[in-house]
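# Topology and contacts: notes
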Amino acid sequence: MLNTRLFATYVAFMTIVVVASNFLVQFPLPGSIAGMQLGDLLTWGAFTYPAAFLVTDLTNRQFGPKIARRVVICGFAVAVVISVMVATPRIAIASGSAFLFGQLLDISVFNRLRRQRWWRAPLAGSLFGSALDTAIFFSLAFAPVFAFIGPNDPFALELSPILGLLTTEAPRWISWTLGDLVVKILVGLVLLLPYGALMTVLKPMPGAPGARV
């Protein structure tokens, strides 16, 4: 049975996470560590976006994949509209596309593993979803081949050492892609803690996979 208030809460959290990430992805990290320029490696959006997978996985656990997809689609629609106002159209399109496909993959993987040990479904779902999301987003947002979506970002296309460390150089957005994925994986691991805590409170609803009858 669908709890309308809880459903709206999940949609609201999803929207907040995606809009914040769309805005923050435009800002590289300042400073450096051990001679590595953080701006060549990461944007602030890498730290906020993985929370979207937490929202999706909790929805999937509580209501099942059908309702989780509804939350993703609703969050996608609202977030894209708002994101156009806080980010460039190209960033909004890239983010919307990456979000939709990454989250749907997360739901599918989670659902296949939901009856295994509690941490496997959210971890595998977020890892596979993050990899797809990262590949789609940074390609659409910064790769010159997709310039028809919007203007290229000169800073993103400048050559810099890969990951700010290697002697081989590549456009800065390549390092952002790799750095973003590493951070998403690390944050995904950290988010297992709140997932594990909340799963004891947010029990599967009647009719959802894994619910007790």
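Residues numbered from 1 in each chain as written. Predicted model: local features only at pLDDT ≥ 70, side-chain atom pairs only at ≥ 80, totals over all residues. Heavy atoms only, no water.

The name given to the protein chain in an unreviewed UniProt entry is Probable queuosine precursor transporter, and the organism recorded there is Rhizobium quercicola. Its UniProt record gives the protein chain the following Subcellular location (unreviewed entry) comment, quoted word for word: "Cell inner membrane". The heading Sequence similarities (unreviewed entry) in the UniProt record of the protein chain holds the text "Belongs to the vitamin uptake transporter (VUT/ECF) (TC 2.A.88) family. Q precursor transporter subfamily." (UniProt positions renumbered as here; feature names shortened; annotations may be inferred.)

## Some words on the packing of aromatic side chains
This structure, assessed with the given rule, holds 12 aromatic pairs. Considering the side-chain rings of F155 and W176, the 5.9 Å spacing of their centres and the 40° angle between planes classify their relative orientation as tilted. Highlighted residues: F155 in helix α7 (residues 154-157) and W176 in helix α8 (residues 172-190), separated in sequence by 21 residues. Owing to a relative accessible area of 33%, F155 belongs among the partly exposed residues under this scheme. (Phe/Tyr/Trp six-rings, centres within 6.5 Å; stacked < 30°, edge-to-face > 60°. Helix = DSSP H or I, 4+ residues; strand = E, 2+ residues; numbered from the N terminus. Buried < 20%, exposed > 50% of the residue type's maximum accessible area, 1.4 Å probe, protein only.)

## Some words on the UniProt feature "transmembrane region" (unreviewed entry) in the protein chain
UniProt tags residues 7-29, 41-60, 67-85, 91-111, 123-149 and 181-202 as "transmembrane region" (unreviewed entry). Secondary structure across residues 67-85 divides into 100% helix and 0% strand, with the first and last C-alpha atoms of the span separated by 28 Å.

## Comments concerning helix α4 (residues 65-86)
Here α4 spans 30 Å end to end across 22 residues, near enough to the 32 Å set by a 1.5 Å rise per residue. Taking the largest bend as the criterion, α4 deviates by roughly 25°, centred on V80. Those residues of α4 that sit buried are P65, I67, A68, V71, V72, G75, A79 and S83. Structurally, α4 contributes buried residues whose contacts are with α1 (4-24), α3 (51-63) and α5 (89-113). (Expected span 1.5 Å × (residues − 1). Bend = angle between axes of the 7 residues up to and from the residue. Contact = heavy atoms within 4.5 Å.)

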